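The lines below spell out each chain.
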2 protein chains.
Amino acid sequence: MKAIAVIPGKPNSAHLVETPRPTLHAGTVLVKVIRVGVDGTDREINEGLYGAAPAGADFLVLGHESFGRVVEVGPGVKKVRPGDYVVATVRRPDDCINCRAGEYDMCIAGNYTERGIKGRHGYLSEFYVEAPTYLVNVPPTLKEVGVLLEPLSIVEKGIMQAYKIQERLVWKPQRALVLGAGTVGLMATIVLRLRGLEVFTMARTPKPNRHADLVEATGARYLSSREQPVLGLDETYGRFDIIFEATGYSPLAFEAMEVFGNNGVLILSSVTGGDRHVEIPADKLNLEMVLGNKVVVGTVNANRRYFERGVVDMQRAEERWPGLLGRFITHRVQGLENYEEMIRLLNHEKSAIKIVVELGAGAQETTAKR
Amino acid sequence: MKAIAVIPGKPNSAHLVETPRPTLHAGTVLVKVIRVGVDGTDREINEGLYGAAPAGADFLVLGHESFGRVVEVGPGVKKVRPGDYVVATVRRPDDCINCRAGEYDMCIAGNYTERGIKGRHGYLSEFYVEAPTYLVNVPPTLKEVGVLLEPLSIVEKGIMQAYKIQERLVWKPQRALVLGAGTVGLMATIVLRLRGLEVFTMARTPKPNRHADLVEATGARYLSSREQPVLGLDETYGRFDIIFEATGYSPLAFEAMEVFGNNGVLILSSVTGGDRHVEIPADKLNLEMVLGNKVVVGTVNANRRYFERGVVDMQRAEERWPGLLGRFITHRVQGLENYEEMIRLLNHEKSAIKIVVELGAGAQETTAKR
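Fair warning: this is a prediction, and the values are worked out from it, not measured in the lab.

## Section: the overall build of chain A
The helix and strand inventory of chain A stands at eleven helices and 20 strands. Taken over the C-alpha trace, chain A has a radius of gyration of 21 Å; the compact-globule value for 370 residues is 21 Å, and the two agree within 12%. By sequence separation, contacts in chain A at least 24 residues apart represent 71% of the contacts at least 6 residues apart. As displayed, chain A offers around 13,800 Å² of accessible surface, 48% of which is attributable to carbon and sulfur atoms.

## Some thoughts on the relation of the copies chain A and chain B
When chain A is fitted to chain B, the residual RMSD is 0.0 Å, and the transformation amounts to a turn of 180 degrees plus an axial shift of 0.0 Å. Such a turn and shift between the copies fits a two-fold axis. By residue overlap, the copies meet face to face through one surface: 100% of the interface positions of chain A are interface positions in chain B.

## Description of the interface of chain A and chain B
Taken together, the 54 residues of chain A in the interface contact 54 residues of chain B. Together, the buried faces of chain A and chain B total about 4,600 Å²; carbon and sulfur atoms form 58% of this surface. The largest share of the area that chain A buries against chain B comes from A:Arg168, A:Asp283 and A:Asn286, three residues that together contribute 14% of it. At the boundary of chain A and chain B, one finds two salt bridges. Residue A:Arg276 pairs with B:Asp283 through a salt bridge whose shortest N-O separation is 3.6 Å. There are 32 residue pairs in polar contact (both at pLDDT 80 or more) connecting chain A and chain B. Elements represented by at least two residues in the side of chain A that touches chain B include exactly α2 (97–100), α3 (149–165), α7 (251–256), β16 (260–268), β17 (278–280), α8 (282–291) and β18 (295–298) of chain A. Per-element tally for the side of chain A that touches chain B: the top contributor is α8(A), with eight residues. Of the pairings in the sheet, the one linking β18(A) to strand β18 (residues 295–298) of chain B comprises three bridges and is antiparallel in character.

## A few points about the packing of α3(A) against helix α4 (residues 183–194) of chain A
Geometrically, a packed helix pair is captured by the angle between its two axes and the distance between the axes. Residue and element names in this part refer to chain A. Packing of α3 against α4 brings their axes to within 9 Å, and their N-to-C directions diverge by 55 degrees. Judged by the angle between their axes, α3 and α4 are oblique. Here α3 runs over α4; the crossing is right-handed. Judged by residue contacts, Pro151, Leu152, Val155, Glu156 and Ile159 of α3 engage Thr183, Val184, Met187, Ala188, Val191 and Leu192 from α4. Its residues placed into classes, the contact of α3 with α4 shows nine nonpolar, one polar and one charged.

## Things to note about unusual backbone geometry
Along the chain, A:Lys207 connects to A:Pro208 via a cis peptide bond; the corresponding omega equals -5 degrees. Along the chain, A:Pro208 turns up in the loop between β13 (198–203) and α5 (210–217). Even without being glycine, A:Asn263 reaches a positive phi, approximately 65 degrees. The residue A:Asn263 is located in strand β16 in this model. Of note, B:Asn301 is a non-glycine position whose phi angle comes to about 60 degrees, a positive value. Here B:Asn301 lies in the loop between β18 and α9 (304–320).

## Considering the packing of helix α3 (residues 149–165) of chain B against α9(B)
All names here are of chain B. Contact geometry for α3 and α9: axes closest at 8 Å, N-to-C directions at 105 degrees. It follows that α3 is roughly perpendicular to α9 by the angle criterion. Packed against α3, whose contacting residues are Leu149, Glu150, Leu152, Ser153, Glu156, Lys157, Met160 and Gln161, the element α9 presents Arg305, Tyr306, Phe307, Arg309, Gly310, Val311, Asp313 and Met314 at the interface. Looking at side-chain class alone, the contact of α3 with α9 contains seven nonpolar, three polar and six charged residues.

## Describing α3(A)
Over its 17 residues, α3(A) extends 24 Å from the first C-alpha to the last, a length consistent with the 24 Å expected when each residue adds 1.5 Å. Of all 17 residues that make up α3(A), 15 are buried, and the element is covered over most of its length.

## Topic: the domain arrangement of chain A
Residues and elements named next belong to chain A. Taken as a whole, chain A is organised into domain 1 (2–138 + 321–358) and domain 2 (153–298). Inter-centroid distance (C-alpha atoms) of domain 1 to domain 2 is 29 Å. Counting residues at the interface gives 13 residues for domain 1 and 14 residues for domain 2. Both sides of the domain 1 and domain 2 interface together cover about 1,300 Å² of buried area, and 69% of this is carbon and sulfur. On the domain 1 side of the contact with domain 2, Trp321, Phe328 and Ile353 bury the most area, a combined 48% of that side's loss. On inspection of domain 1 and its partner domain 2, the count reaches one salt bridge. Aspartate 105 is the salt-bridge partner of lysine 157, the closest N and O atoms lying 3.0 Å from each other. The interface formed by domain 1 and domain 2 contains four residue pairs in polar contact (both at pLDDT 80 or more). A per-class count over the side of domain 1 that touches domain 2 returns seven nonpolar, three polar and three charged.

## As for the pattern of salt bridges
All names here are of chain A. If you walk through the whole model with that rule in mind, you get 47 salt bridges over all chains. Two residues, lysine 354 and glutamate 65, come together in a salt bridge whose shortest N-O distance is 2.9 Å. Within this pair, whereas lysine 354 is found in strand β20 (residues 354–358), its partner glutamate 65 is found in strand β5 (residues 65–73), the two being separated by 289 residues in sequence. Overall, the relative accessible area of 1% leaves glutamate 65 in the buried class. A salt bridge links glutamate 308 to arginine 304; the shortest N-O distance between them is 2.8 Å. One end of the pair, glutamate 308, and the other, arginine 304, are both in helix α9 (residues 304–320), four residues apart, so they sit about a helical turn from each other. Classification of arginine 304 by relative accessible area gives buried; the value is 19%. Here the salt bridges share partners, and the residues they tie into one network are Arg35, Glu144, Arg332 and Glu358.

Conventions we followed
Residues numbered from 1 in each chain as written. Chains lettered and ligands numbered in written order. Predicted model: local features only at pLDDT ≥ 70, side-chain atom pairs only at ≥ 80, totals over all residues. Heavy atoms only, no water. Helix = DSSP H or I, 4+ residues; strand = E, 2+ residues; numbered from the N terminus. Rg over C-alpha atoms; globule rule 2.2 N^0.38 Å. Contact = heavy atoms within 4.5 Å. Areas by Shrake-Rupley, 256 points an atom, 1.4 Å probe, with all protein chains shown as cover. Least-squares fit on C-alpha atoms with pLDDT ≥ 70 in both. Buried area = accessible area lost by both parts, 1.4 Å probe. Salt bridge = Lys/Arg side-chain N within 4 Å of Asp/Glu carboxyl O. Polar contact = N/O pair within 3.5 Å; in protein donor to acceptor, adjacent residues only side chain to side chain. Pairing = 2+ DSSP bridges. Axes fitted to C-alpha atoms, helices over the stretch in contact; angles between N-to-C directions. Parallel < 35°, antiparallel > 145°, perpendicular 65-115°, else oblique. Left-handed = near helix turned anticlockwise from the far one by under 90°. Nonpolar A, V, L, I, M, F, W, Y, C, P; charged D, E, K, R; others polar. Expected span 1.5 Å × (residues − 1). Buried < 20%, exposed > 50% of the residue type's maximum accessible area, 1.4 Å probe, protein only. Domains from an automatic or database assignment.

Pasting the structure below:
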């Protein structure tokens, strides 16, 4: 079968490979891939910044945002059936205490693997085989947007962790600020709106633009950082109970510390691999944190629980704003063969929100291939 | 009766006042003060940096770390009795949702008052009157160290908040770093040792010194920042599951972010009122927070719950290290009349851990005045 792979560590090495279709074993599931989303992680792996091939392989199949349909299940599999639409989680546990408890996103040992990223092939291939514990069922009503579940799971984790943390007090959050209006920022906007908050979402470009339209379709307010800096937002709109940082620009994490309210929580989700240094008002930031009993929490990856919550929130979002999630998919690459177009969009298409690769017949088929 | 007061906002205004003994009403308790601890907050109020007199008064009685004995209770009081040793909490609630729930340390509106600090007289007086809900009973076995309960409550709150927050995951903390070996740092060392952790406590001065002796008496390890910087401690000792920052030096809050472990929690407790700026590796700190699912939590003040936990931990500490807590009290000022000596020690005595004012006969008496 065909797959899109890279040579880890080698810049711009994305290429098409012909690789054996994976074999179904007892307790595993064969999934035909329908579509796969790509993001900055794929771009950076293709830039050679990180990524690791599976043991014994010299290439890594890309793709960690999957959507597919079960073709066949091995003996002993009961949780999923042929025909089911599924999304696979990304990380595979090591044997640390968190991983053993199923909280592999909180791995403490760091010996996990990640499909499409670290030590395991990803989903940009015609088929994959996986254990059912890593497959999350998606109802057919969500089949056009199920590919967004993995990025949504990242947001669900950050927000569920924040709410769990806030059980430390009597907390009735009312106002949230989302920094960034890419896929993660938009997802955070939706999840916080679904939780009933007044949401302000800030990105660089002033209105009108596609991101602003999507933000405002949820009833949130769109702000441009070119028109109004983060510092001072609290004076204009009141202090924020929750801030979700998803811009990829680390200085904002520290500016955000100045505008969140007493007992508030700041969620950091940007993977910032650069070497940026900034000067900060250390006394002031520390004092704000202390006198306001504030929390900052970093969040990465997501376990099955957060994917499952994502399915629920996708359903609620589709009910409340029909068709909105589908508008997040702005660019479709037809077929694995067009990997060069996929990379071009990833590298250069600034207007993109979510770029997906459609896998031929799989994208159109409505009945499962058995 | 006599009291030590300041004119809020006026530098070096500490003086002795003669003020009416407060009147006992229904539902309140008259307490004779035995001794009062003083700290940096009292020093800064005397420097005129903050502090507010009660409405209608032109002075503020200082003192928020109290220890006293109940003299008389008003009609309807059942929770305390004459003869009881008590410590009073500091903050008095406004009507925000947290304050109404008794979590006045998490006040969201900011209209609270604080005895000895903001809008209410403190305890550096011969007597005070208080509602029993703000009085915490201290068993007679702790009467020599009960004056340490208020600073201990600050530590209990920070650590209990951290443990509550960490219910977000499977967490078995093993190694803690305490930054600072003043009263708060030493208390944090004790509480973390009582929780079974391997503790490293860092202060500036190399061994041998009194602080190091107290740290090591608990089985913790004393480190000098002159001999070894915070950055790199993780490489020497392994990463820390908990860091408790209590140095008053804000740049350490940001250095600590580089040495705490995956899923770890950094507790900030220093009130840093200065204007210090530092350059930080923003990308790196943010990335550490995100990839490690880490939490930073600020903490200030304490409600009744944390005082009560403090009493339990004081008892456990006395059992495990008899006499250790008493060694925290390094300087005793005899009588309110010696307020100038109290201020001198506060401003200049670098070797002090806890300075207390002993209130005449009250300090020696063993039977209650009824």
